[in-house]
Amino acid sequence: MKFINKSNCVLYLAFVAYYSLAVTSCTTTADKMVKHYSEAHFAFADSLSAKDSLEKSLSYIDSIYQQFPYVSVADKYRYFHFKSELYGSKYRPGKKFIEAYGDSMVLLIVKNKLEKQMWRELAKAYNYQSVQYLNTGLFELGHKYAALSRIVSLQNGDSCTAGEYASAIALIYYRQSNYAAAADLFKESAITAMKNCDRDRHQFYSVQGALSNAALSYIKLGSIDSALKYYSLAENYILNNRQLYSSEPKFPEIALSVVYGNMGHAFQKIKDYRQAKIHYYKSITINNRIGYDNKGANSGKIYMARLCLEQGDADSCLLLLNEIGQQIADDDEDIKLLWLKLKWEYAEKYKPVAAFDNLRAYSRFRDSLLEKSKGSGGFNPQTAFDKIAAEFEIEILKKDSQIRLIYLIGSLTIGGLLGTLFFSVFKNLKRSKKMIVRMEALNTELSKREKELVIAMDELEERKRQKYEEDLFLQELNLRAENKDSMVAQRRKISEDMHDDLSNSLAALKYYIDDIKSSLEEPVTKEVLENVGAEISVIHENARRYTHNLNLSTNELQYNLIDFLFEISEKFAKKTSLTIAVAIDKEKIHNLLSSVQHEQLYHIMKEGISNVIKHAKATRIDVAIEFDGQCCYFSITDNGKGFKKEGFVPGLGLKSMDTRIKKINGKLSIEQGAAGTYLSGSFPIFY
């Protein structure tokens, strides 16, 4: 019975989907998942389509289909998938057949509510639709269904397969010339495969392919350095993981030859001819092996010859052209076209007399290929359906009395069936759009979070840098203080030694001379001794003055509180975000404070400011020193984190400040301020 023709092919496919859904509704989930087809069945059918004809392949699959005790959803899915592969991938019959078969596979799963049990098949069905739309140039639809495949895989926790579908989306971007987006997705696919896929030949195929495609995208963007980086990654991955393809050792070698050829092309673009030749030669060497892709070897030689032509190496170019001409096979039409074009370019540059003949040969061969492509009508799937139906009279979907009844009712109610089908497609598309919108929103949010993370990292680095500057400056202050203390101690020691030893010795000497002088009677000798005694008195007075001045210079020069406060304020303002505001009366500090008070106040202020910098995490410090009557008042206020009064135990710094304030009869207090800590103290100017 001939029930399919050119006008109702799509209606027939829709009916097949409807009848399949009706039958599966009468079975249990377990029955729906039973698989009667084996991989051997489809392998044999593929061999028939390759060696004999499409009709024999379809006839064989249909005959197996009729032998099943009942047809499960899994069987129907594989049946539809086989036909879609056969008609779609091999013969590209047109948009309506792609939509019909693809939608049939999707609806078969959805209507039977097997999205959870057959989610892998659902993702494959979406991906199949994507591939077929790409083959017909419908990139937007191809992108949509590839995205659905990825979403289904991610929802079911299969990051490995989701990475493959990311690579499929990247390929769409590449064909649309959106090379930047393609490169990013190819990289993501490679990383996902390495992290989430088992280390097997499948991972090997995915990773090396994604890395190579990322490099190709960078070539298109003109970013040769990035392209070479990812070609190198692909090369290293292949060399380090070729054992994953041990059962087919040729494949890693062929993949390596492709990478080397592309690397040569990249080096040629940046005019690194030495590296270009090295990598072209590596590619040619692999493909020249017996049993390998000799067509690839000729392709590499053409690139090498073009490189020689570009360099002006006429002899090497001609040698390669002659070698290619001897090796081109009859079916290598694309290689022959490139070879003829290069011969014309060579002749135009070095043999102008032969240039016209070479141009004519190239043009004729190119035109013959164009005519050949126009004249090949290809395979007509509608005619094939008619031949199959007429020759074998197979009613594929008539399995038992229930199926026959559904078939008869379906032929009478085809209009209602189409309405239901279109409604289901519309509903599914609407849901898919919502999922895509949601995914885009998630990507936008992720991009926003990434920017916030970058800003936060920059702020953290800046804080680290400021903390480093603060610590470095504190270390400098401590070293200077230690140096000052050491110098003070040394000067005091010298002063004490001079006072204890030299002054006492001079006093004893003067007393001894006076004693001798009183016992002498000669005027001349007495006069000499009087002169010596007077000189000793002068030396003794000078020693006392030097000792006094040594102590005085130590206190005045080593502990300059005014310079210290303004210096630390200026340095922190330049190198960090910490502000130190200083409000002091320079004249009164200089005139009213004794050297001891000056020294102790210097140490108290230094220790207080250092504590704030180290512990308070403040952004501002206010330092004040003022005088009122007979007292000096000072304070250090910050806007830091403060401290808890409960259980507060003063540290060594506070104890040191307390000891120093007591040395000058003063007092010290520390309180929790409005936004930080308030340290204050006072001491009498005269005591």
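Remember, predicted model here, so these are calculated numbers, not experimental data. Starting from 1, residues in each chain are numbered consecutively following that chain's sequence as written. Two thresholds apply to this predicted model, a pLDDT of at least 70 for residue-level local features and 80 or more for giving and counting side-chain atom pairs, whereas whole-chain, interface and lining totals are computed over all residues. Calculation of side-chain values draws on the structure's entire complement of heavy atoms; hydrogens and water are dropped beforehand.

Draft legend 1. Local environment of the overall build of the chain. A count of helices and strands for the chain gives 26 helices and five strands. Burial classification: accessible surface area is computed with a 1.4 Å probe over protein chains only, and a residue below 20% of its type maximum counts as buried, one above 50% as exposed, and the rest as partly exposed. For the chain, the proportion of its 687 residues judged to be buried stands at 43%. Put simply, of all contacts in the chain between residues at least 6 apart along the chain, 68% involve residues at least 24 apart. Only the protein chains shown count as cover for residues, and all accessible areas are computed by the Shrake-Rupley method using a 1.4 Å probe. Working note: accessible area of the chain is about 37,300 Å², and carbon and sulfur atoms make up 54% of it. Segments assigned H or I by DSSP are reported as helices when at least four residues long, segments assigned E as strands when at least two residues long, and all are numbered from the N terminus. Residue contacts are counted whenever heavy atoms from the two residues lie within 4.5 Å of one another.

Draft legend 2. Here's a closer look at the environment of Lys 467. Turning to its location among the elements, Lys 467 is positioned in helix α21 (residues 414-519). In sequence terms Lys 467 and Lys 617 are 150 residues apart; their C-alpha atoms lie 9.6 Å from each other. Excluding anything up to four places from it in sequence, Lys 467 contacts Ile 613 and Lys 614.

Draft legend 3. Up close: unusual backbone geometry. Even without being glycine, Ser 177 reaches a positive phi, approximately 70 degrees. Residue placement: Ser 177 occurs in the loop between α9 (159-175) and α10 (179-196). Of note, the phi angle at Lys 271 is positive, near 65 degrees, even though the residue is not glycine. If you trace the backbone, Lys 271 turns up in the loop between α13 (250-269) and α14 (273-287).

Draft legend 4. Structural view of the pattern of salt bridges. The working definition used for a salt bridge is a side-chain nitrogen of Lys or Arg within 4 Å of a carboxyl oxygen of Asp or Glu. One pass over the full model with this rule turns up twelve salt bridges. Put simply, Glu 323 and Lys 301 hold a salt bridge, and the shortest N to O gap is 2.7 Å. Residue Glu 323 is found in helix α16 (residues 314-327), and its partner Lys 301 is found in helix α15 (residues 294-311); the two are separated by 22 residues along the sequence. Looking at Glu 323, the relative accessible area reads 30%, which means it is partly exposed. Residues Arg 306 and Glu 345 are paired through a salt bridge, measuring 2.8 Å at the closest nitrogen-oxygen approach. On the criterion of sequence distance, the pair formed by Arg 306 in helix α15 and Glu 345 in helix α17 (residues 333-350) is long-range, its members being 39 residues apart. With a relative accessible area of 26%, Arg 306 lands in the partly exposed category.

Draft legend 5. Molecular detail of the sheet that holds strand β3 (residues 631-638). DSSP-based pairing: two strands are paired if at least 2 bridges between them are found. Reading across the sheet, the five strands line up as β1-β2-β3-β5-β4 and stay open at both edges, with mixed pairing between neighbours. Whereas interior strands pair on both sides, the edge strands pair on one side only; in this sheet they are β1 (579-584) and β4 (667-673). The average undirected angle you get between the axes of adjacent strands in this sheet is 10 degrees. Geometry is summarised by axes, namely lines fitted to C-alpha atoms with helices restricted to the contacting stretch, and by angles between N-to-C directions that run from 0 to 180 degrees. Sheet strands touched by helix α23 (residues 561-575): β1 and β2 (620-628). Its angle to β1, the strand with the most contacts, is close to 155 degrees.

Draft legend 6. Inspection of the state of the cysteines at higher detail. Note on disulfides: each one is a pair of cysteine sulfur atoms within 2.5 Å. Within the structure shown, the criterion is met by one disulfide. No disulfide involves Cys 631; its sulfur sits 8.6 Å from the nearest other cysteine sulfur, which is in Cys 632. The class of Cys 631 is partly exposed, set by a relative accessible area of 23%.

Draft legend 7. Spotlight on the pairing of strand β5 (residues 676-684). Of all nine residues in β5, seven are buried; the element is thus mostly enclosed. Judged from the seven bridges that link them, β3 and β5 form a sheet pairing that is antiparallel. Bridged to Cys 631 within β5 is Pro 684. When β4 meets β5, the two strands line up antiparallel, connected through seven bridges. Bridged to Ser 669 within β5 is Ser 680.

Draft legend 8. Representation of the packing of aromatic side chains. Two rings belonging to Phe, Tyr or Trp (six-membered ring only in the last case) form a pair when the distance between their centres is within 6.5 Å. Interplanar angles under 30 degrees mark stacking, angles over 60 mark edge-to-face geometry, and anything in between is tilted. For the structure on display, the rule yields six aromatic pairs. Here Tyr 218 and Tyr 230 contribute two aromatic rings whose centre-to-centre distance is 5.7 Å and whose plane-to-plane angle is 20 degrees, an arrangement assigned as stacked. In this pair, Tyr 218 sits in helix α11 (residues 201-221) while Tyr 230 sits in helix α12 (residues 224-241), placing the two residues twelve residues apart along the sequence. This pair shows no difference in class: Tyr 218 is buried, exactly as Tyr 230 is.

Draft legend 9. Region of interest: the nonpolar core. We define the nonpolar core as a collection of buried residues of types Ala, Val, Leu, Ile, Met, Phe, Trp, Tyr and Cys that are connected through side-chain atoms lying within 4.5 Å of one another. If you look at the biggest cluster of nonpolar residues, it comprises 56 residues, and the most contacted ones within it are Leu 211, Tyr 231, Cys 317 and Trp 339. With eight residues, the single largest contributor to this core is α12. Among the nonpolar cores identified, the runner-up in size contains 36 residues, and Leu 601, Val 612, Ile 636 and Ile 661 belong to it.

Draft legend 10. Structural context of the side chain of Ser 432. Summarising the element assignment, Ser 432 is placed in helix α21. Those residues within four positions of Ser 432 in sequence are excluded, and the remaining contacts are Lys 144 and Leu 148.

Draft legend 11. Up close: a nonpolar patch on the surface. A contiguous nonpolar patch, built from Leu 453, Met 457 and Leu 460 and spanning about 270 Å² of accessible area, is present on the exposed surface. Summarising the element assignment, Met 457 is placed in helix α21. Residue class for Met 457 comes out partly exposed when judged on its relative accessible area of 42%. Like-charged residues are merged into a patch within 9 Å and nonpolar side chains (Val, Leu, Ile, Met, Phe, Trp, Tyr) within 5 Å, provided each residue has over 30% relative accessible area and no salt bridge.

Draft legend 12. Up close: helix α7 (residues 119-135). In a helix, the anticipated span is given by 1.5 Å times the number of residues less one. Its 17 residues give α7 an end-to-end C-alpha distance of 24 Å, which sits within 8% of 24 Å, the value for a rise of 1.5 Å per residue. Burial runs high along α7: 13 of the 17 residues are buried.

Draft legend 13. Structural context of the confidence of the model for the chain. On a scale of 0 to 100, pLDDT captures the predictor's confidence in every residue. When pLDDT is averaged along the chain, the result is 76; 75% of the residues meet or exceed 70. Confidence drops under pLDDT 50 across residues 1-12; counting only partners more than four residues distant or on other chains, this segment forms 26 contacts. Across residues 376-404 the pLDDT falls below 50, and counting only partners more than four positions away or on other chains, this stretch makes 62 contacts in the model.

Draft legend 14. Structural context of the packing of α9 against α10. Orientation of α9 relative to α10, taken along the N-to-C sense of each, is 165 degrees, at an axis distance of 8 Å. Classified by the angle their axes make, α9 and α10 are roughly antiparallel. Judged by the twist between their axes, the crossing of α9 over α10 is left-handed. Contact with α9, carried on its side by Ser 159, Cys 160, Gly 163, Glu 164, Ala 166, Ser 167, Ile 169, Ala 170, Leu 171, Tyr 173 and Tyr 174, involves Tyr 179, Ala 181, Ala 182, Leu 185, Phe 186, Ser 189, Thr 192 and Asn 196 of α10 and no other residues of that element. Throughout this entry, Asp, Glu, Lys and Arg are counted as charged residues, while Ala, Val, Leu, Ile, Met, Phe, Trp, Tyr, Cys and Pro are counted as nonpolar. The remaining residues, Gly among them, count as polar. Of the residues belonging to the contact of α9 with α10, the class tally is twelve nonpolar, six polar and one charged. Any angle that falls under 35 degrees is termed roughly parallel, while one over 145 is termed roughly antiparallel, one within 65 to 115 roughly perpendicular, and all others oblique. Crossing handedness is defined as follows: a turn of the near helix away from the far one that is anticlockwise and smaller than a right angle gives a left-handed crossing, while the clockwise case is right-handed.

Draft legend 15. Quick look at the environment of Asn 322. Relative to the helices and strands, Asn 322 is located in helix α16. According to the relative accessible area criterion, Asn 322 is partly exposed, its value standing at 43%. C-alpha separation for the pair Asn 322 and Trp 339, spaced 17 residues apart in sequence, amounts to 9.8 Å.

Draft legend 16. A look at the pairing of β3. Across eight bridges, β2 lies against β3 in antiparallel orientation. In the strand pairing of β3, Val 623 is matched with Ile 636. The antiparallel pairing of β2 with β3 creates a hairpin that spans two residues between the two strands, and Gly 629 there sits at a positive phi of about 65 degrees.

Draft legend 17. Main features of the environment of Tyr 145. Of note, Tyr 145 is situated in helix α8 (residues 139-155). Looking at Tyr 145, the relative accessible area reads 5%, which means it is buried. Tyr 145 sits 21 residues away from Lys 124 along the chain, and the two C-alpha atoms are 9.9 Å apart.

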